[in-house]
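# Inside the fold
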Amino acid sequence: MDFRLTGDQRALRSGVRELLAGRFGRDALRAAVDREGTVDRELWRQLGEAGFFALRLPEAEGGVGLGLPEAVLAFEEAGRALLNGPLVATHLAAGIVPGAAEGGTVVTCATQLRGHIPHFADADVALVLYDRSWRVRYPKDLPSARAVRSMDPLTPVHRSSPDIPTAPPHPDGTLLTAAEQLGSAARTTEAAVQYAKERQQFGQPVGGFQAVKHLCAQMLVRTEVARSAVYAAAVTGDLTEIAGAKLLADEAAVRNARDCLQVYGGMGFTWEADVHLHLKRAWLRAQMWLTAAESEEIQADALASAL
Amino acid sequence: MDLTYTEEEEAFRARLRAWLAVSLPELPPKPDPLDWPGRRAYDTAWQRMLYDAGYAGLHWPVDAGGQGATPTQHLIYLEETERAGAPYVGANFVGLLHAGPTIAAEGTAEQRARWLPPVLRGDEVWCQGFSEPDAGSDLASLRTKAVRDGDSYVISGAKIWTSHAEVADWCELLVRTDPGAPKHRGISWLAMPMDAPGVTVRPLRTLAGSAEFAEMFLDEVRVPVANRVGEENDGWRVTMVTLSFERGTAFVGEVVACRRTLGELARTARRNGRWDDPVLRRRLGRLNAEFSALWRLTQWNVSESQSTGGVPGIGGSVFKLRYSHARQELYEAAAEVLGPDAVDLDHEWTADRLSSLSYTIAAGTSQIQQNIVAERILGLPKGR
């Protein structure tokens, strides 16, 4: 047993981090906010070329041939960078929907957010999950979809037609969303710590005060507990572990963003700070695939069935 | 990220499991929790069984009399013994997890030969004389003084929270050997025999009703200079070695026990109808996610320590912070499952609920652990 990342996995992670730092830095992020979260098609194709969507497609089918742990590392980086667009749905569509693997087709999922479809207006295809099998629908098949004002400036949302069911928990979609939450939780921890070292009050950095220090420490603890759960679930692929990973990653992302906002003080409550973008996305993702209540019931079922 | 165990590790697990299956039925009946001499006899008998079977000091280095097992093998040992319901280290805690590893790392050849084999055989029990009445979490402000007189130190002062003091043969004692030095210097680490004249032990009754630990008064106690481990006035560094072992491995086996308890809570709740309460059911579900993650975090920490030759890293503080609170939540949930039965002090979960209150205080309070995480991992400035 060696739970640590392999050399290849570390290289993959830093490769994705560099790609996103170069292509989706602070300016690109704020530009995406100004565009109200619409998908950057050029970036989408570049992600496709880099193998982001085809990461788990077999090499024989033109993919990279890696596994769920590697996909989790890539999506953690996407979560850190707050990269917008239906990343998880397009990744799941690789090999099912033509063009998805290459990043030429933007694919959303119509059954991950209970009657709401993220990035509906941008999507070429909207996947619908019935039981465990995908059905391909096109936005024109869903004429009753109506735009709602999305709380998350990076995720436009439509309310969909009532005939779209709520999907049963989809393991990979749930876990990759949890990985994005993990990345966000790690990023807000770093941001809070950096700010606490720089911001001076009462003649010293605010990070010297225990009240602030303890907020930061708890952020790290939440991140590392969630990381253990997410990585382990990626290795086992077990649905119960995935549900637990989503529960803890949702909590880490939401609570860390809130604590980061608190460490930033009044600045944290402004549109200029990126903290609110992490918090809003974390709140949105917490509603995707599995909610806390559903995850806890899955955990309870696992306890009961082990008796 | 590899969570599979090697063939060698699985073979180790199978051997251990087979041995536990035949050995555990030979154990004498469990003593009353309030009967300390009985508990010492029980715990040391178990240690002797481990010694005879070649499992004593599993993770100690071979040249210290241990088995030189890898951290992963130690993890498997803790997992299997906990699953089989084997006794925990109990009265051997300080000897096996604190003093022993410290002497193995810092002691001379003579000191290792004198003190390590009796710990491994279960012949001698150690206690910890670190904390003092006015020091608390500020361990380095200790005042117990040791004055050199020929080839002895003459020691006067008081210690508190001295676990197992009533039944211990030896005490790992921190004393101030240079009162003029800054508080982290001028400290020395001594092995003090508990039957030395001038040692008085007064048990402290805890809120759980038992006498887990004691106050200890030292009135001109003479300890040979040869009993000092490490250099004179270098005791703080030696102590940090001890504490890194404490935080790194002390709680690992307990996570397995908590997961077993959680399963029993679910079984009880299904039997008494409390399972139908969705709030309680979800609470137990959340705890299941929590303890699964803590187990995975343990595997992560063990994998990390494997790369540093078995020295536990700073990840122990992250683990302890979360675990100590999760354990308290577990027994709060147990009280909800029990309902009115939770008032029965003879119920195991009620006693455990009480004892869980110490977890966020002992071995470094949660507040101290948060400072450690913030300053040593996150690099935040020291301050107030």
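Rules used in this analysis
- Residues numbered from 1 in each chain as written.
- Chains lettered and ligands numbered in written order.
- Predicted model: local features only at pLDDT ≥ 70, side-chain atom pairs only at ≥ 80, totals over all residues.
- Heavy atoms only, no water.
- Helix = DSSP H or I, 4+ residues; strand = E, 2+ residues; numbered from the N terminus.
- Expected span 1.5 Å × (residues − 1).
- Buried < 20%, exposed > 50% of the residue type's maximum accessible area, 1.4 Å probe, protein only.
- Core = buried A, V, L, I, M, F, W, Y, C linked by side-chain atoms within 4.5 Å.
- Contact = heavy atoms within 4.5 Å.
- Pairing = 2+ DSSP bridges.
- Axes fitted to C-alpha atoms, helices over the stretch in contact; angles between N-to-C directions.
- UniProt positions renumbered as here; feature names shortened; annotations may be inferred.
- Domains from an automatic or database assignment.
- Buried area = accessible area lost by both parts, 1.4 Å probe.

What follows deals with helix H7 (residues 252–272) of chain B. Every α-helix winds through 3.6 residues per turn, so residues three or four apart in the chain are directed the same way. End to end, H7 of chain B covers 31 Å across 21 residues, agreeing with the expected 30 Å (1.5 Å per residue, within 8%). Downstream of H7 of chain B by one or two residues, Gly-273 of chain B has phi in the positive range, about 85°.

Our focus in this paragraph is unusual backbone geometry. All names here are of chain B. Phi at His-164 takes a positive value of approximately 60°, unusual for a residue other than glycine. Within the fold, His-164 resides in the loop between strand E3 (152–163) and strand E4 (170–176). Overall, His-164 belongs to the buried group, its relative accessible area being 9%.

Bringing the nonpolar core into the picture now. Most often, soluble globular proteins have nonpolar side chains that are buried together. With 145 residues, the main nonpolar core has Val-230 and Tyr-231 of chain A together with Trp-46 and Phe-291 of chain B as its most contacted residues. Among the elements that take part in this core, helix H7 (residues 210–236) of chain A stands out by supplying 14 residues, more than any other. Those residues in contact with Tyr-231 of chain A that lie beyond four places of it in its chain are Phe-3, Leu-5, Arg-13, Val-72, Leu-73, Glu-76 and Leu-182 of chain A together with Met-1 and Trp-300 of chain B. Ranked by size, the runner-up nonpolar core spans 27 residues in total, among them Trp-115, Leu-139, Ala-191 and Trp-236 of chain B.

All names here are of chain B. Note on placement: Pro-118 falls in helix H5 (residues 109–121). Residue class for Pro-118 comes out buried when judged on its relative accessible area of 7%. For the pair Pro-118 and Gly-95, spaced 23 residues apart in sequence, the C-alpha to C-alpha distance is 9.4 Å. With residues near it in sequence (within four places) discarded, Pro-118 still touches Asp-123 and Glu-124.

Next up on the list: the sheet that holds strand E5 (residues 146–148) of chain A. Residues and elements named next belong to chain A. Strand order in the open sheet made by the three strands is E2-E6-E5, with antiparallel pairing throughout. Either end of the sheet is taken by a strand with one partner, and the two such strands are strand E2 (116–118) and E5. Put simply, the sheet's adjacent strands are angled 40° from each other on average, direction ignored. Bridge analysis of E2 against strand E6 (residues 157–159) gives three bridges, and the strand direction is antiparallel.

Let us now look at the UniProt feature "domain: Acyl-CoA dehydrogenase/oxidase N-terminal" (unreviewed entry) in chain B. Taking the UniProt record as the reference, the feature "domain: Acyl-CoA dehydrogenase/oxidase N-terminal" (unreviewed entry) is found at residues 6–123 of chain B. Span residues 6–123 of chain B is 64% helix and 0% strand, its end C-alpha atoms 35 Å apart.

All names here are of chain A. For chain A, the assigned domains are domain 1 (7–159) and domain 2 (171–306). Spacing between the C-alpha centres of domain 1 and domain 2 amounts to 21 Å. Counting from both sides, the interface comprises 35 residues of domain 1 and, opposite them, 37 residues of domain 2. Approximately 3,100 Å² of surface area, both sides summed, lies buried where domain 1 meets domain 2, with 63% of it carried by carbon and sulfur atoms.

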